[in-house]
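Overview (structure and organization)
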Amino acid sequence: QVQVVESGGGLVHPGGSLTLSCAASGRRSAPFLMAWYRQPPGKARELVAAQTTVGGPNYADSVKGRFTISRDTAKMTIDLQMNNLKSEDTAMYYCHINDPFWGVSWGQGTQVTVSA
């Protein structure tokens, strides 16, 4: 059974930092693609950052230079380090995997709120 579990959301002041973690389980080999998406209130879900097992990380323009993903293929985890957070980063953040053997799966989401 495939499971994708996020953790680490919360309330942070503008300019602050937060780290989200995601762990995938249910298969023996790491999923090809692991990614973070987010859905701001009243808006569509959007890609934040992604990394495959064979390539480097890719970031949305809105987070470049502020967010960093760290993927551990052996542990099947992907962390999202978020620095210099802004109010517009407020959203529900979702971990996503996509792989021929894992299928397409989403975590339950973790809320990030950036507010003074």
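Everything discussed here concerns the structure shown above.
Residues numbered from 1 in each chain as written. Predicted model: local features only at pLDDT ≥ 70, side-chain atom pairs only at ≥ 80, totals over all residues. Heavy atoms only, no water.

1. Comments concerning the pattern of salt bridges
Where charged atoms from two side chains of opposite charge approach closely, those side chains can pair. Applicable threshold: For this analysis, a salt bridge means a side-chain nitrogen from Lys or Arg found within 4 Å of a carboxyl oxygen belonging to Asp or Glu. Buried means the residue's accessible area, taken with a 1.4 Å probe over protein chains only, is under 20% of the maximum for its type, while exposed means over 50%, and partly exposed covers the values in between. Put simply, DSSP marks the helices as runs of H or I at least four residues long and the strands as runs of E at least two long, and each gets a number from the N terminus on.
Under the criterion given, the structure shown has four salt bridges. Taking the shortest distance from any N to any O, the salt bridge between Arg38 and Glu46 comes out at 2.7 Å. Overall, Arg38 belongs to the buried group, its relative accessible area being 4%. Ionic pairing is found between Arg66 and Asp89, a salt bridge with its closest N-O pair at 2.7 Å. With Arg66 in the loop between strand S6 (58–59) and strand S7 (67–72) and Asp89 in the loop between strand S8 (77–82) and strand S9 (91–99), the pair connects residues that are 23 residues apart, well separated along the chain. Both residues of the pair, Arg66 and Asp89, belong to the buried class. Linked through salt bridges whose partners overlap, the residues forming this network are Arg38, Glu46, Arg66 and Asp89.

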